[in-house]
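One letter stands for each residue in the lines below.
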Amino acid sequence: MLEYLIQQSDRTYEELADEFSRMDSRAAISARHLGRLARGERDLASSTPATRRALQAMFNKSIDELQRPWAPHQLTPAPERHLVDPTGAGPERNLLAMAAQRARQYAMLAAESTSPAAIEQLAEDVQRLALAYPQRPVSHVLPDLVETQDTLFTLLERRQAPNQSRDLHFLAGITSGLLAKVSHDMADPHSAMLQARTAVLCAEQAGHPGLQAWLRGLQSLVAYWAGRYAEAVRYAEAGREYATQAGGTSAVWLPASAARAYAALGNAEQAKAAITEAEDAWSRVRPDEMDEMGGICTFNQPRTLYYASDALAWLPGEATATERYALRATQAYADPNDPAWAFGDQAGSHANLAIARVASGDLDAAADALAPVLDLPADQRINGIIHSVRRVHQAITRAGHAGDARDLIDGIEHFTHTPANALPR
């Protein structure tokens, strides 16, 4: 019955899987797994409660009805449902997309060994996601990420030739790292660290120091925004040897990450030394395989400026230096068409600029700096941005300006009450 209803809905499995995640984040499901449920290859009754609730709500039928073999006389009319295709494509285009996805799955999974062409296709998929991640809301990339990770893990569960195993583990490590970032962005540090540890295991199997260094930077990021600053320093330090071996831009990211964690701990001397180390590291960078992926897999000059401003914003007496770095960062992120643009880092740079201006007593300039952030739609109000905006709130109240900045305080509180992880899905 479920398979029949999906066919009649003129929706691809990918579109329905995306709709699931919008209905309830706990019901996130890959298109591949949804197909298995529809074909009866997986028992609906053993699905998670959130998935069962989402299925029942989507098709207005009980789980027992949905897993019953379909027959025309069993079908009772369901309420009319107008399904809108956001691309404007008709049912023919949807069918073609579904057929193309099924052909891709067959090419990936049917052969006894994974072909070079299949690995090349997966590498393109992972790179596309890495490039999209800093520039798109989490909900836009999550379904493809889950599907890609599922495909990679399915392939790795089979016997693979050593070279193929290395490539697949490398791609699985990146994909799991991206899913760790998703969990972090949705304010779930426990799941983020779980995904990150799985990614580290994949990096070990791949024997890839560049991936190891990048993952230590990711773990440092998660720990920092979770308020575990000493742990963030340890992860950054743990990645140094790998970064030296790889030579890529993680050699800049790791000391930049340590700088802001040291600053949050109140260690101004080490924070400033780490900023200098990060800036000096650019002269020794040799782009590696992670940098070739681009997007979130590489660390660029604008992010260096943003991280420096983020570190200095913690330190009393550093308002001038914070403003200098933050201004350069906001200018570097001014063009959304620039490949280096990232909405989260842009927002953080503006928040740090606002903090510097609060410290100097210019509340109007602080409000102007934060205005673009407060205009972000709810699906872009990820965990790091929420924390950055709260730091502006704290700077205002600690400086005793709450009475003079009532409108700004109200705007911040309204913004932080609707984070991305609170949206209905």
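Residue numbers restart at each chain and count upward from 1, following the sequence in its written direction. Where totals are concerned, whole chains, interfaces and linings use all residues; where local detail is concerned, this predicted model gives features only for residues with pLDDT of at least 70, and gives and counts side-chain atom pairs only at 80 or more. Computation of side-chain values: all heavy atoms of the structure, hydrogens and water removed.

Student: So what's going on with the pattern of salt bridges? Residues and values would help.
Tutor: Any Lys or Arg side-chain nitrogen located within 4 Å of an Asp or Glu carboxyl oxygen qualifies as a salt bridge. Going through the model one piece at a time under the given rule, you end up with 12 salt bridges. Note that E277 is salt-bridged to R240, the shortest N-O span being 2.3 Å. Linking E277 in helix 15 (residues 268-281) with R240 in helix 13 (residues 240-246), this pair joins segments that are 37 residues apart in sequence. Only protein chains enter the accessibility calculation, which uses a 1.4 Å probe; a residue whose area is less than 20% of its type maximum is buried, one above 50% is exposed, and one in between is partly exposed. Given a relative accessible area of 27%, R240 falls into the partly exposed group. Between E323 and R357 there is a salt bridge; the shortest N-O distance is 3.3 Å. On the criterion of sequence distance, the pair formed by E323 in helix 18 (residues 319-332) and R357 in helix 19 (residues 343-359) is long-range, its members being 34 residues apart. For E323, a relative accessible area of 24% puts it in the partly exposed group. Taken together, the shared-partner salt bridges connect R166, D167 and E289 into one network. Strands here mean DSSP runs of E at least two residues long; helices mean DSSP runs of H or I at least four residues long; both are numbered from the N terminus.

Student: Report on the packing of aromatic side chains, specifying residues and quantitative values.
Tutor: For Phe, Tyr and Trp, where Trp contributes only its six-membered ring, two rings pair if their centres lie within 6.5 Å, and the inter-plane angle classes them as stacked under 30 degrees, edge-to-face over 60, or tilted in between. Tallied over the entire structure, the rule returns 6 aromatic pairs. Taking the centre distance of 5.4 Å and the plane angle of 85° together, the rings of Y306 and Y307 count as edge-to-face. As far as burial versus exposure is concerned, Y306 and Y307 are alike and both buried. Here the aromatic cluster, defined as three or more aromatic residues joined through ring pairs, consists of Y224, W225, Y229 and W314. Placement of a charge over a ring requires the Lys NZ or Arg CZ to be within 6 Å of the ring centre, with the centre-to-atom vector within 35 degrees of the ring normal. In this structure, R260 is placed above the aromatic ring of Y307, and the distance from its NZ or CZ to the ring centre is 3.8 Å.

Student: Give a detailed account of unusual backbone geometry, specifying residues and quantitative values.
Tutor: Its identity is not glycine, yet N60 carries a phi of approximately 55°, on the positive side. The topology assignment puts N60 in the loop between helix 4 (49-59) and helix 5 (63-66). A positive phi angle, close to 65°, is found at A187, a residue other than glycine. Within the element layout of this structure, A187 appears in the loop between helix 9 (162-185) and helix 10 (189-206).

Student: So what's going on with the nonpolar core? Residues and values would help.
Tutor: The biggest cluster of nonpolar side chains holds 106 residues, and the ones touching the most others in it are I174, W214, L370 and I385. Any pair of residues with heavy atoms lying within 4.5 Å of one another is described as a contacting pair. In contact with I385, other than residues within four places in its own chain, are F343, G344, A347, V373, L376, Q380 and F415. Of all hydrophobic cores here, the second largest spans 19 residues; its members include Y13, I29, A38 and A54. To qualify as a nonpolar core, a set must consist of buried Ala, Val, Leu, Ile, Met, Phe, Trp, Tyr and Cys residues joined through side-chain atoms within 4.5 Å.

Student: Explain empty space enclosed by the protein residue by residue, including any values.
Tutor: Throughout, the protein atoms alone are placed on a 1 Å grid, and a set of points is a cavity if a 1.4 Å probe fits but cannot get out or a pocket if it is open with protein on both sides within 12 Å along at least five of seven lines; lining residues have an atom within 4 Å of a point. Grid points are joined across faces, edges and corners, and a volume is the space filled by probe spheres set on the points. For the structure on display, the rule yields 2 cavities of 30 Å³ or more. A volume near 40 Å³ is recorded for the largest cavity. Considering the residues around the largest cavity, the lining is formed by A256, A259, I275, A278, T304, Y307, A308 and A311. Those elements giving two or more residues to the lining of the largest cavity turn out to be helix 14 (250-264), helix 15 and helix 17 (301-312).

Student: Break down the environment of D18 for me, citing the residues and quoting the values.
Tutor: Here D18 is to be found in helix 2 (residues 13-23). We classify D18 as partly exposed; its relative accessible area is 21%. Sequence-distant contacts of D18, defined by excluding residues within four places in its chain, comprise S139 and P143.

Student: Explain the packing of helix 9 against helix 11 (residues 209-225) residue by residue, including any values.
Tutor: Only the contacting stretch of a helix is used when fitting its axis, a line to C-alpha atoms as for every element, and angles between N-to-C directions run 0 to 180 degrees. Two numbers describe how helix 9 lies on helix 11: the axes approach to 11 Å, and their chain directions differ by 10°. By the angle between their axes, helix 9 is roughly parallel relative to helix 11. Residues F170, G173, I174, G177, L178, A180, K181 and H184 of helix 9 form the contact with helix 11, whose participating residues are L211, W214, L215, L218, L221, V222 and W225. Across the contact of helix 9 with helix 11, the residue classes break down as 11 nonpolar, 3 polar and 1 charged. In what follows, roughly perpendicular refers to angles from 65 to 115 degrees, roughly parallel to angles under 35, roughly antiparallel to angles over 145, and oblique to any angle outside these ranges. Here the nonpolar group is Ala, Val, Leu, Ile, Met, Phe, Trp, Tyr, Cys and Pro; Asp, Glu, Lys and Arg are the charged ones; every other residue, Gly included, is treated as polar.

Student: Explain the environment of A264 to me, and be specific about the residues and the numbers.
Tutor: Topologically, A264 is positioned in helix 14. Separated by 49 residues in the primary sequence, A264 and A313 have C-alpha atoms spaced 9.1 Å apart. Setting aside residues no more than four positions away along its own chain, A264 makes contact with Y224, Y229 and W314.

Everything listed here is a matter of coordinates, which is why it stays silent on function.
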